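Summary of structural features
Here is how the chains run, residue by residue.
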Amino acid sequence: MKTVYLRYSSEEEIPAGPCIRKRKLVKYYTRETLAAVLAAATLLDGESIPAQTPFYYASADVENFDCFREVFEKFSGAGIRGFDAERYLAFAPPTSQFKIMRNMVPCFVSIENALTGDNNVIVDSASALLYAALTAPSPGRVLLGAGFLHADDSVEVGFALAEPGEFAGHPLLGTDAPAIEIFKA
Amino acid sequence: MAVVITGFGARSPLGCSYEESLDTLRAGTPCVGDIRNIDTRGYQYTAAGEIRRDGEVVRTPRGVDRKTFFLDQALEELSAKTGFTRRYRPDELMLNIGSGVDYFDIESYFDSGASFPDGILRDGSYHQLAADMRPLAAKWHFDAGCHLFASACTASAQAIGLSWRLLRRGLAGAVVSGGADSMISHPAFLGFSVLGALSASSEPAPVKCRPCDLHSSGTVLGEASVAMMMEDSARVGDGQEILAEMVGYGCSMDAWSVTDPEPSGAAAAEAVRAALDEAGITPEQIDCIHLHGTGTVKCAPAEYNGLHRIFGDRLKDIPAYSMKGQVGHMIGSCTAVEMLGVVYSLQHQAVLPTLNFRTPHPDAPFRMVRDTPLHLPVRYILKMNSAFGGHNTALIFKKWER
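**Digging into the overall build of chain A**
- Across its full length, chain A holds seven helices and five strands.
- Start at the N end of chain A and walk to the C end: the helices and strands fall as β-α-β-α-α-α-α-β-α-β-β-α.
- Across its three principal axes, chain A shows a C-alpha extent of roughly 60 × 35 × 30 Å.
- Burial statistics for chain A: of 185 residues in total, 50% are counted as buried.
- For chain A, the proportion of contacts with a sequence separation of at least 24, taken over those separated by at least 6, is 74%.

What follows is the structure, given as structure tokens:
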């Protein structure tokens, strides 16, 4: 099994620039997306994997609310008290929904790496991510990833390229552990 | 080994039980209306499929996360119907549910004047999905795991698909799968308003969503929490009805755009091919197709192109159906609620009419059923879904034959 685990503190820049091919999409990225694209590129550097390689990804429960920050700051700056849908829509950046939807990180990793195979998007759970890998429908290696964007803007991501059988009997199967724990060992 | 579906607990615009849902499906009652559960002042789009009981929208107070609130009720109904907590040990029972974005009572948070972002989690206005589901899993004794899936409109298809794989490989004793999602909240409506995917039709709410129609202009959001029992047929008790057998699952990714489906449908076709291979059947054996059919402008042509790669010109002769014209689009739980239509077709040997479909689309000339159910022998059904972001899923179900 080949693994990559990256962690960036809240102040650190994530040096993903050189490995991003679809630069027009960067405006939709979160810090988790940047770190995931970089981790996948690092893991797959020198590898030749089929486009049909199964790819399963898990994001942690949300504790970072930057996707709402811009609107809150504009409401405060304008001295607006209380909720107003019309003003919210006027203030919300058009990219905001892409930063809320949980499947966006693996979608961008798939686009960057032209991955078209079996896939799944999991919330938080190491167990579900391992089960997805163990039941992959095609022979060969699977790509696994997990990310955790913390409240303070620090971010962790992990990726692995492995044969599904390597996850059999994994100690996190059937547990409540977050998926990022798979990659920390 | 045969993986079978033996029961449902359902809360959706169709009704607040499995039986009520099937009655509403059969009657073809429109279930989309003007939103009752949030204040829609300031929104251009105000139609939605909200959960109803006896035709009336079920109201909940501000601050209640409707998806988990109604999932708990759906699990209670499923438990009463199938006795899953009695028939299986807790360490055999797994909960695999498709869902969506977190519930954020943004209205209360703004009104409270709390500083951003310190109070969001502390004041209870924000509901983290996994954290909220764990107590529910504990209450219903899913000790083998509580797993949540979030690939937008394919989330519950992926939950059901993984459940099928786990059961076939003996990695779970029994699985309660399905979906729980509610788009009836400000963050969901704000998000989809920005995306421009909602119906711009000036027609009344019940006819705003027109799947596969030439004049479709967008989808209508909805909500549903649907739990379904999946188990090995060998462990089904004598008195327990088997509603359907699941025989195939395929999944693929467009890797093309995050906003639009890949127009040639190449990846969607790969998902169907994989599902057919798993089922060990040919395309000629599929009797009807239950489409994703969102009512968005780009959905139907892409879905048609993908299916045409598999079925060729026979596609225009295969009866097709989309439930979204009747109930709207539940996003993370759309496949789960649409499973009620699949089971209806298998049980009643009929394809239901697609509500609001009037004019065939020249770029998606599906054989949509209109006005009255089409009765025909239905042995195999293909259930399609695809998602914002590029996921495609294909599920195949078979009429149960002992």
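**Details of the domain arrangement of chain B**
All names here are of chain B.
- For chain B, the domain assignment lists domain 1 (3-235) and domain 2 (246-398).
- Taking the mean C-alpha position of each, domain 1 and domain 2 sit 21 Å from one another.
- Contacts between the two partners involve 59 residues from domain 1, matched on the other side by 50 residues from domain 2.
- Looking at the side of domain 1 that touches domain 2, the elements that each hand over two or more residues are strand 1 (3-11), helix 1 (18-27), strand 3 (47-49), helix 7 (155-168), strand 10 (174-182) and strand 11 (221-232).
- No other element matches helix 7, which puts eight residues into the side of domain 1 that touches domain 2.
- Here the side of domain 1 that touches domain 2 is composed, by residue class, of 32 nonpolar, 22 polar and five charged.

**What about the packing of helix 9 (residues 266-279) of chain B against helix 10 (residues 299-311) of chain B?**
All names here are of chain B.
- For the pair helix 9 and helix 10, interaxial distance at closest approach is 8 Å and the crossing angle is 45°. Classified by the interaxial angle, the pair formed by helix 9 and helix 10 is oblique. Helix 9 and helix 10 meet at a crossing whose hand is right-handed. Contact residues: helix 9 offers Ala-268, Ala-269, Val-272 and Arg-273, while helix 10 offers Glu-303, Gly-306, Leu-307, Arg-309 and Ile-310.

**Quick look at the interface of chain A and chain B**
- Listed as interface residues are 48 residues of chain A and, on the opposing side, 51 residues of chain B.
- In terms of residue class, the side of chain A that touches chain B is made up of 26 nonpolar, 13 polar and nine charged.

**What to know about the environment of Ala-234 of chain B**
- You can see Ala-234 of chain B is positioned in the loop between strand 11 and strand 12 (244-253).
- Taking the C-alpha atoms as reference points, Ala-234 of chain B and Asn-392 of chain B, 158 residues apart in sequence, are found 31 Å from one another.

**Thoughts on the environment of Ala-47 of chain B**
Residues and elements named next belong to chain B.
- Relative to the elements of secondary structure, Ala-47 occurs in strand 3.
- C-beta crowding within 10 Å serves as the criterion here: with 24 such atoms nearby, Ala-47 is assigned to the buried category.
- With 152 residues separating them along the chain, Ala-47 and Ser-199 place their C-alpha atoms 8.8 Å apart.
- Those residues within four positions of Ala-47 in sequence are excluded, and the remaining contacts are Val-32, Gly-33, Asp-34, Ala-205, Lys-208 and Val-220.

**Structural notes on the pairing of strand 18 (residues 380-386) of chain B**
All names here are of chain B.
- Most of strand 18 sits inside the fold, with seven of its seven residues counted as buried.
- Taking every second residue as pointing to the same face, both faces of strand 18 are buried, with Tyr-380, Leu-382, Met-384 and Ser-386 on one and Ile-381, Lys-383 and Asn-385 on the other.
- Relative to strand 18, strand 13 (residues 288-290) runs parallel, the two sharing three bridges. Bridging across to strand 18, Ile-289 finds its partner in Leu-382.
- In terms of strand pairing, strand 18 meets strand 19 (residues 391-398) through seven bridges, oriented antiparallel. Considered in strand 19, the bridge of Tyr-380 is made with Lys-398.
- Two successive antiparallel strands, strand 18 and strand 19, enclose a turn made up of four residues, where Gly-389 displays a positive phi of approximately 115°.

Reading the values: rules and limits
- Residues numbered from 1 in each chain as written.
- Chains lettered and ligands numbered in written order.
- Predicted model: local features only at pLDDT ≥ 70, side-chain atom pairs only at ≥ 80, totals over all residues.
- Helix = DSSP H or I, 4+ residues; strand = E, 2+ residues; numbered from the N terminus.
- Buried ≥ 20, exposed ≤ 12 C-beta atoms within 10 Å, placed from the backbone.
- Contact = placed C-beta atoms within 7 Å.
- Domains from an automatic or database assignment.
- Nonpolar A, V, L, I, M, F, W, Y, C, P; charged D, E, K, R; others polar.
- Axes fitted to C-alpha atoms, helices over the stretch in contact; angles between N-to-C directions.
- Parallel < 35°, antiparallel > 145°, perpendicular 65-115°, else oblique.
- Left-handed = near helix turned anticlockwise from the far one by under 90°.
- Pairing = 2+ DSSP bridges.

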